[in-house]
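This is what each chain is made of:
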Amino acid sequence: MTRTMTDAAPSPFDDSRRLTGPNLYFASTGAALETLVGAPVPETLLAGWQARIGQARQALGWPDGDLVIRRHHSGASLAFSAPFDQLYAAADVNEWAWLASLHEHGSLDPGAVPFAPGHPALWNPEQAMQTLQAAARAEQRPLLHELENAALQTQRAFLVDDDEVSIGLGTGSRTWALDDAPRPADIDWSALHDIPTALVTGSNGKTTTVRLLSSIWRNNGRHTVHSCTDGLYLDGELLEGGDYSGPGGARAVLRNAAAEAAILETARGGLLRRGLALRRADVAVVTNVQPDHFGEYGIHNLDDLTMVKLTVARALDERRTLVVNADDPQLRRHAPGLPCPLAWFALDFDEPLLAVRRASGAATCGVRDGHLHASINGCEHDFGEVAAMPVTFAGTARHNISNIAAATLAALHMGVDASVIAATLARFGSDRRDNPGRLQRWQLGDVVVLLDYAHNPDGLGHLLALADRERRDGAGMRLLLGQAGNREDEDIARLGKVAARFSPALVVLKDIQGYERGRAEGEVAAILTTALTSHGVAADRIEVELDEATAVRRLLASARQGDVVVLPVHSTAGRQHVDGLLARMESLGWSAGQPLP
């Protein structure tokens, strides 16, 4: 739940939400609030909020637990831990504590705030406590705590949301409606168990790594579920389409009774809004950290974003490993401070950091003499020639080499045999269905078309560098460009700057329907136009066609022999439409200058 005031008056906070699992602030459940006070937030306000959280905890019988004030240049994030079965009440407590502090400070007129009926009064602490106590009583479910304790004691996963509770994972799981939850003594615990699980996060490469790791597990003879930005899958077959890279998608596949292994894409948004679905995973991966999504939830720089990505380490203990990218300076800085074991991958197997870590017994993976090598538990494995692995585009897609190194280390730490991994790497990507929408290449006559996700400057740079190597002398590059609205203007402009470096013959600017996120129609395209022209792209090489499907057709229709057409497509529906169009063109033997089907 995200709480805001009505449109009748500006909200004195930006966001209020439940934290349903381990999160950026602490390893338990709770609530978080983003203030609207500019930095620095007066210490008297923060002290007032902190004192009121303590007052409410005492009145509600909640343990003291974690209390976090995270200051940043747009205000502060205020978070505290609370019982998992009373999180709506916890969000009310957080709002009351902050608003009452504003009122006491003279920064808020309570008469001007259109509270919903039943919201605790700012000016009457006794009445506020009565209201909060009633809200907490209405939510609390003591039986769920009994089930959680029993699950923890027997080392089985415990998952709960607004509607259901489950114990165990996959084939070893059982799920009940909250109102039908059994007592621990009535459960057949012998039928419940967990399955191997992996969490994958990072700025780029998450979905490819998830799909590759899922393919490895299927080839290992296990029915495998995975969740990602494209949907929920069982054994590579789509169960439900949509962006399921948050904890809700994770819970859905973890409760699938056919699942024998689970690979979970774990995106920034879900981590910040709700936290992790799982308290314990077998391995976690952070692919990289790149500038993206700044400005939301108090995340304003790379250090902030790195700590968000490293939240996955909260699901690991001293026996479970975090796989991290040694080529990423942010991860090199921040990951060594974590309490869990680390495994490092890099493009170069003999990169000094990897050599040092190997010498100390850590697992590593990278490329040596054109082959992918991994070292684990004192044994070194050669997984074959990188250029022969289809997903690497003959070794030119360096970012995918990083992704296969990450997936290889994760699979090894999950106990998959090296021969199974090698066999998967040798064929993954040879069929477009292996990795739809991620670095797919189409040869249409003399025109090369590259379809990819490429949703931030780093991803776009990798894609365009690959496209640049594909085009012949004198041929043009034609580019589709757009961005979701929930980025700062500078982040959107950086896409234009990256695109300009490759001197495109034509750029067609689109909106991403459904992802405007408060931006007016065409607003993103206007920012991109300014960025492109200011970095040397002539205005007559820029066109605006906000409808994505029409924009794609315009680019393809304009292509000349030898051109490379680059299509960053972000929605599942958009990708499916473009896939269908390109497949039809391929089947018809289309070439440049012919009408489009």
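This structure is a prediction, so every number in the text was calculated from the model and none was measured.

Undergrad: Quick question: what am I supposed to make of the sheet that holds strand β9 (residues 197-201) here?
TA: Consider a sheet: its strands pair through backbone hydrogen bonds, and that pairing is either parallel or antiparallel. Within the open sheet, the 11 strands sit side by side as β12-β11-β10-β13-β9-β14-β15-β16-β17-β18-β19. Their pairing is mixed. With one partner strand each, in any of the chains shown, β12 (237-241) and β19 (379-385) form the two edges of the open sheet. Strand-to-strand twist in this sheet, taken as the mean axis angle between neighbours without regard to direction, amounts to 15°. Bridge analysis of β9 against strand β13 (residues 261-265) gives four bridges, and the strand direction is parallel. By the bridge assignment, Ala198 is partnered in β13 with Ile263. Packed onto the sheet, helix α6 (residues 247-254) meets β9, β10 (224-228), β11 (231-234) and β13 and runs at close to 170° relative to β10.

Undergrad: Would you explain the sheet that holds strand β7 (residues 164-167) in this entry?
TA: Spatially, β6-β7-β8 is the arrangement adopted by the three strands of the open sheet, whose pairing is antiparallel. The open sheet terminates on both sides in strands that have one partner only, identified here as β6 (158-160) and β8 (174-177). On average, each strand axis in the sheet is tilted by 15° relative to the strand beside it, whichever way the strands run. Pairing of β7 with β8, which is carried by four bridges, proceeds in the antiparallel orientation. If you follow Ile167 over to β8, its bridge partner there is Arg174. Against the sheet, helix α4 (residues 142-153) touches β6 and β7, its axis set at about 155° to β6.

Undergrad: Quick question: what am I supposed to make of the packing of aromatic side chains here?
TA: Aromatic ring pairs: the centre-centre distance and the angle between the two ring planes describe each pair. For the structure shown, the criterion picks out two aromatic pairs. Ring centres of Phe84 and Phe158 lie 5.7 Å apart, and the angle between their planes is 65°; this geometry places the pair in the edge-to-face category. Linking Phe84 in the loop between β5 (75-81) and α2 (87-105) with Phe158 in strand β6, this pair joins segments that are 74 residues apart in sequence. Across the pair, Phe158 and Phe84 agree in class, each one buried.

Undergrad: What is the right way to read the nonpolar core from this model?
TA: One broad rule of soluble globular proteins: the nonpolar side chains tend to lie buried together. In terms of nonpolar packing, the biggest core is built from 52 residues, with Tyr25, Leu199, Leu264, Val286, Leu322 and Trp344 touching the most fellow members. If near-sequence neighbours (up to four positions away) are discounted, Val286 is found in contact with Thr201, Gly202, Lys309, Leu310, Val312, Leu322, Val323, Val324, Asn325, Leu331 and Phe345.

Undergrad: I tried to follow the pattern of salt bridges on my own but got confused; where do I start?
TA: Two side chains of opposite charge can pair, provided their charged atoms sit close to one another. Under the counting rule described, the total for this entry stands at 36 salt bridges. In this structure, Arg280 engages Asp194 in a salt bridge whose closest nitrogen and oxygen atoms are separated by 2.9 Å. In this pair, Arg280 is assigned in the loop between α7 (268-273) and β14 (283-286) and Asp194 in the loop between β8 and β9, connecting sequence segments 86 residues apart. Salt bridges linked by common partners bring Arg211, Asp230, Arg438, Arg575 and Asp579 together as one network.

Undergrad: Help me out: how do you make sense of the pairing of strand β20 (residues 440-444) in this one?
TA: The side chains of a regular strand alternate between both faces of the sheet. Residues of β20 alternate between two faces, with Gln440, Trp442 and Leu444 buried on one and Arg441 and Gln443 left unburied on the opposite face. Two strands pair when backbone bridges link them, and β20 and strand β21 (residues 447-452) are joined in this way by five bridges, in the antiparallel orientation. Paired with Trp442 across the strands is Val449, a residue of β21. Where β20 folds back on β21, the antiparallel hairpin that results is connected by two residues, among which Gly445 adopts a positive phi of roughly 65°.

Conventions we followed
Residues numbered from 1 in each chain as written. Predicted model: local features only at pLDDT ≥ 70, side-chain atom pairs only at ≥ 80, totals over all residues. Heavy atoms only, no water. Pairing = 2+ DSSP bridges. Helix = DSSP H or I, 4+ residues; strand = E, 2+ residues; numbered from the N terminus. Axes fitted to C-alpha atoms, helices over the stretch in contact; angles between N-to-C directions. Contact = heavy atoms within 4.5 Å. Phe/Tyr/Trp six-rings, centres within 6.5 Å; stacked < 30°, edge-to-face > 60°. Buried < 20%, exposed > 50% of the residue type's maximum accessible area, 1.4 Å probe, protein only. Core = buried A, V, L, I, M, F, W, Y, C linked by side-chain atoms within 4.5 Å. Salt bridge = Lys/Arg side-chain N within 4 Å of Asp/Glu carboxyl O.

Just distances and angles here, no functional claims.
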